[in-house]
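# Coordinate inspection notes
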Amino acid sequence: MALKTWKCVNCGKEFKVGEWLCADNLTNHIVETREYLLADAPTDPGHPERGGMDSKRDGRTRIGNIPPPQKVMEGDEVKWVGEGYVEFIRGRYATSDPQQQYWLERKGGFCSEAEWQAVWLSQSQQLELKEMSLKAREQRLENDRNELLTQVKQRTEKAVAVR
């Protein structure tokens, strides 16, 4: 299996797993931002489903070991450094750090936008999104119809002018 490669937006260098440091040797490369979604909305048995959305609005999930700690030799001593975590707020986390992206992709378990909406949005919010989508479709159809009518009128005028 070939190792994944990224391209740094700062220095333009293509790099592979483990080559995280940018040209300055202090900071990680920066790559295109990627968003990760979790369908892990908290439930609050104290509030009915139609009640407040406070537990969902304030939902946070921390995933540890992203990136995992690394062994570093300092003299004759071995130190473990660099263990981190990422925090999903309302089931969303976006990062442009390739090291975090690599370890999140190895972890897996993420969901699609539709699955996220089904878990995190209230019924009224979901209905509002569907309504907006339908209105946008109707507007596109109306625009297409008007454009076709304009084309037909132009062709008819040209045909009449030719006679």
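Think of each chain on its own: its residues are numbered from 1, step by step along the sequence as written. Local features in a predicted model are, by the rule used here, given only for residues with pLDDT of at least 70; side-chain atom pairs are given and counted only at 80 or more, and totals for whole chains, interfaces and linings are based on all residues. Hydrogens are left out, water is left out, and the side-chain values use all remaining heavy atoms of the structure.

## With respect to the overall build of the protein chain
Put simply, the test is: What counts as a helix is a DSSP run of H or I of at least four residues, what counts as a strand is a run of E of at least two, and both are numbered from the N terminus. Note on classification: 1.4 Å probe, protein chains only; a residue is buried when its accessible area is under 20% of the maximum for its type, exposed when over 50%, partly exposed between these limits. The contact definition used throughout considers only heavy atoms, calling two residues in contact when any of these lie within 4.5 Å. Only the protein chains shown count as cover for residues, and the accessible areas themselves come from Shrake-Rupley with a 1.4 Å probe.
Helix and strand counts for the protein chain come out as 4 helices and 8 strands. Shown N-terminal to C-terminal, the secondary structure of the protein chain runs as helices and strands in the order β-β-β-α-β-β-β-β-β-α-α-α. Per-residue burial for the protein chain yields a buried fraction of 23% across its 163 residues. Of the contacts formed within the protein chain by residues at least 6 apart in sequence, a portion of 53% connects residues at least 24 apart. Just so you have it, the protein chain exposes about 12200 Å², and 51% of that area is on carbon and sulfur atoms.

## Considering the packing of aromatic side chains
By convention here, two paired aromatic rings are described through the distance between centres and the angle between planes. For clarity, the threshold we go by: For this analysis, a ring pair means two rings from Phe, Tyr or Trp (six-membered ring only for Trp) whose centres lie within 6.5 Å, classed as stacked if their planes differ by under 30 degrees, edge-to-face if by over 60, and tilted for the remaining angles. Definition used: whenever NZ (Lys) or CZ (Arg) falls within 6 Å of the ring centre and also within 35 degrees of the ring normal, the charge is taken to sit over that ring.
Overall, the coordinates contain 8 aromatic pairs when judged by the stated rule. Here the aromatic rings of tryptophan 6 and phenylalanine 15 are separated by 5.7 Å at their centres, their planes lie at 25°, and the arrangement is stacked. Look at tryptophan 6 and you get buried, because its relative accessible area is 6%. Ring centres 5.5 Å apart and planes at 55° place the aromatic pair tryptophan 6 and tryptophan 20 in the tilted group. One end of the pair, tryptophan 6, is in strand 1 (residues 5–7); the other, tryptophan 20, is in the loop between strand 2 (14–16) and strand 3 (34–37), and 14 residues separate them in sequence. As far as the burial class goes, tryptophan 6 and tryptophan 20 line up, both buried. One aromatic cluster in this structure is built from Trp6, Phe15, Trp20, Tyr102 and Trp103. One cation-aromatic arrangement involves arginine 92 over tryptophan 116; the distance from NZ or CZ to the ring centre is 4.1 Å. The ring of phenylalanine 110 has lysine 107 lying over it, and the distance from NZ or CZ to the ring centre is 5.5 Å.

## Topic: a nonpolar patch on the surface
What counts, and what does not: Two joining distances apply to patches: 9 Å for like charges and 5 Å for nonpolar side chains (Val, Leu, Ile, Met, Phe, Trp, Tyr), and every residue must have over 30% relative accessible area and no salt bridge. Here, a salt bridge means any side-chain nitrogen of Lys or Arg that lies within 4 Å of a carboxyl oxygen of Asp or Glu.
Taken together, the side chains of Met73, Val78 and Trp80 present a nonpolar region at the surface, about 360 Å² in accessible area. Along the chain, the position of methionine 73 falls in strand 5 (residues 70–74).

## Remarks on the side chain of histidine 29
Note the cut-off: We call two N or O atoms a polar contact when they sit within 3.5 Å, provided that within protein one can donate a hydrogen and the other can accept it, with sequence-adjacent residues counted only if both atoms are side-chain atoms.
Among the secondary structure elements, histidine 29 is positioned in the loop between strand 2 and strand 3. Residue classification places histidine 29 among the buried residues on the basis of a relative accessible area of 1%. Within the local environment of histidine 29, its side chain forms a polar contact with the backbone oxygen of glutamate 19, the two atoms lying 3.4 Å apart. Contacts of histidine 29, omitting those with residues within four sequence positions, involve Cys8, Cys11, Lys13, Phe15, Glu19, Trp20, Leu21, Cys22, Ser96, Asp97 and Pro98.

## Quick word on the nonpolar core
What counts, and what does not: The nonpolar core is taken to be a set of buried Ala, Val, Leu, Ile, Met, Phe, Trp, Tyr and Cys residues, with the residues joined through side-chain atoms within 4.5 Å.
The biggest cluster of nonpolar side chains holds 8 residues, and these are Tyr36, Leu38, Ile63, Ile66, Val86, Phe88, Tyr93 and Leu104. In this view, tyrosine 36 contacts Phe88, Gly91, Arg92, Tyr93, Thr95, Gln101, Leu104, Glu105 and Phe110; residues no more than four positions away in its chain are not counted.

## Observations concerning unusual backbone geometry
Negative phi characterises most residues that are not glycine, and trans characterises most peptide bonds. Cis geometry is adopted by the peptide bond preceding proline 67, which originates at isoleucine 66 and carries an omega value of -10°. One non-glycine residue, asparagine 65, lies in the positive phi region at around 70°. In this fold, asparagine 65 is placed in the loop between strand 4 (60–64) and strand 5. Its relative accessible area of 38% is what places asparagine 65 among the partly exposed residues. The backbone of arginine 90 sits at a positive phi, close to 55°, despite the residue not being glycine. Position of arginine 90 among the secondary structure elements: in the loop between strand 7 (85–89) and strand 8 (92–95). The exposure class of arginine 90 is partly exposed, given its relative accessible area of 25%.

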